Amino acid sequence: MTALGRGRQRLAQQVIDQLRAQIETGKLRVGDQLPTEPQLESTFGVSRTVVREAIADLRAAGFVRPIQGKGVFVADPKVNSVMSLTPVEIKSIPETLELLEFRMATEGEAAAIAAYRRTAEQEAAIREANRKMAGMIETGQQTVEADYAFHMAVAAATNNRFYVDVLRHFGPRAIPRGQFPTLPEANDREYLQKVYAEHVEILSAIADQDAERARQAMRAHLMASQRRYRMLAEQQ
């Protein structure tokens, strides 16, 4: 990821923190409508991309919910998470955070290595895995296996069997939403399209043989997921 991309991640976190603080202090109450995207852009001095990323994360964590044709409204995070999560899912949160932390270290480096070591065939395999995921999102199919296949294709492109072995050890459970089927994001098209867009950034960097950008794009992808599950953990 470029310096611009890293800056966008930081700005999104700032917007998340401020909106969440307004919700938790009661400045924004359950049922209140959030300002429009242009209003949020003006208030926080950020781009529409940053606003959408922040709203997507707040939505995934259960703080807000969109209503078709009306806007985005403050939700009750306790109702949307604690009440809907099963005991098994709640117990899975700490392990999920640990796994994401581990994946940031290993897969970030794997993406960097893949950028300068991948063959044309391996790059094509990464691209095909992402194409299949996009198709599944469009048709409303489950995407955990396709998401996992994308990450496995990146690992294979390192031409280092240990990266493949590590990811294969975890299997599809490495994809967090597969462990939380009751969360809205598990089948949320808008959220899944955001995941797909993050994959596109990783693929683009690998295709360009830009190791540092590939490393940062993979880390940003996994950090975004870690951020959502940390918010979920704080609600328990």
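Everything quoted here is computed from the prediction, not taken from an experiment. (Residues numbered from 1 in each chain as written. Predicted model: local features only at pLDDT ≥ 70, side-chain atom pairs only at ≥ 80, totals over all residues. Heavy atoms only, no water.)

### A closer look at the packing of helix 7 (residues 144-156) against helix 8 (residues 161-170)
What counts here: Here, axes are lines fitted to C-alpha atoms. For helices the fit covers the stretch in contact, and angles between N-to-C directions go from 0 to 180 degrees. By definition, any uninterrupted DSSP run of H or I lasting at least four residues is a helix, any uninterrupted run of E lasting at least two residues is a strand, and each is numbered from the N terminus. Geometric relationships in this document are graded by angle, where less than 35 degrees denotes roughly parallel, more than 145 denotes roughly antiparallel, 65 to 115 denotes roughly perpendicular, and other angles denote oblique. Handedness of a crossing follows from how the near helix is turned relative to the far one, being left-handed for an anticlockwise turn of less than a right angle and right-handed for a clockwise one. Should any heavy atoms of two residues lie within 4.5 Å, those residues are counted as being in contact. The residue classification treats Ala, Val, Leu, Ile, Met, Phe, Trp, Tyr, Cys and Pro as nonpolar and Asp, Glu, Lys and Arg as charged. All others, Gly included, are polar.
In the contact formed by helix 7 and helix 8, the axes pass within 8 Å of each other and the chain directions differ by 160°. It follows from the interaxial angle that helix 7 and helix 8 lie roughly antiparallel. Seen along the crossing, helix 7 lies across helix 8 with a hand that is right-handed. Here helix 7 contributes Tyr148, His151, Met152, Ala155 and Ala156 to the contact with helix 8, which in turn contributes Tyr163, Val164, Leu167 and Arg168. Residues that form the contact of helix 7 with helix 8 fall into these classes: 7 nonpolar, 1 polar and 1 charged.

### Section: the pattern of salt bridges
To keep it simple, the criterion reads: Put simply, a salt bridge is a Lys or Arg side-chain nitrogen that is within 4 Å of an Asp or Glu carboxyl oxygen. The rule is simple: take the accessible area with a 1.4 Å probe, protein chains only, and divide by the maximum for that residue type; under 20% is buried, over 50% is exposed, in between is partly exposed.
Applying the stated rule across the entire model yields 23 salt bridges. With a shortest N-O distance of 2.8 Å, Arg20 and Glu24 are connected by a salt bridge. Taken together, the residues Arg20 and Glu24, both in helix 1 (residues 3-24) and 4 residues apart, mark about one turn of the helix. A relative accessible area of 53% means that Glu24 is categorised as exposed. A salt bridge links Asp165 to Arg168, with the shortest nitrogen-to-oxygen separation between them at 3.9 Å. One end of the pair, Asp165, and the other, Arg168, are both in helix 8, 3 residues apart, so they sit about a helical turn from each other.

### Observations concerning the confidence of the model for the chain
Note: predicted coordinates in regions of low pLDDT should not be interpreted at a detailed level. For clarity, the cut-off: Known as pLDDT, the predictor's per-residue confidence is scaled from 0 to 100.
For the chain, per-residue confidence averages 87 on the pLDDT scale, and residues scoring 70 or more make up 89% of the total. Put simply, helix 4 (residues 77-82) is where the chain has its lowest mean pLDDT, 54, and helix 7 is where it has its highest, 97.

### Remarks on the environment of Glu128
You can see Glu128 is positioned in helix 6 (residues 120-139). Sequence separation between Glu128 and Ala153 is 25 residues, and the spatial gap between their C-alpha atoms is 9.4 Å.

### Things to note about the nonpolar core
Let me state the cut-off plainly: Grouping buried Ala, Val, Leu, Ile, Met, Phe, Trp, Tyr and Cys residues that are joined through side-chain atoms within 4.5 Å yields what is termed a nonpolar core.
If you look at the biggest cluster of nonpolar residues, it comprises 25 residues, and the most contacted ones within it are Ile126, Val154, Ile206 and Tyr229. Only helix 5 (87-117), helix 6, helix 7, helix 9 (189-207) and helix 10 (211-234) provide two or more residues apiece to this core. Per-element tally for this core: the top contributor is helix 5, with 7 residues. Once residues within four sequence positions are removed from consideration, Val154 is found in contact with Ala110, Ala111, Ala114, Ile126, Ile206 and Met218. Counting 20 residues, the second-largest nonpolar core is a separate cluster that includes Val50, Phe63, Val64 and Met231.

### Comments concerning unusual backbone geometry
For Asn159, which is not glycine, the phi torsion reads 60° and is therefore positive. Position of Asn159 relative to the elements: it lies in the loop between helix 7 and helix 8. Note on Asn159: relative accessible area 44%, which makes it partly exposed.

### Concerning the side chain of Arg118
Using the following cut-off: Any pair of N or O atoms that falls within 3.5 Å is considered a polar contact. Within protein, one atom must be able to donate a hydrogen and the other to accept it, and sequence-neighbouring residues count only if both atoms are side-chain atoms.
Inspection of the secondary structure puts Arg118 in the loop between helix 5 and helix 6. A polar contact is formed between the side chain of Arg118 and the side chain of Glu123, at a distance of 3.0 Å. Excluding residues within four positions of it along the chain, Arg118 makes contact with Ile113, Glu123, Ala157, Asn159, Ile206, Ala207 and Gln209.

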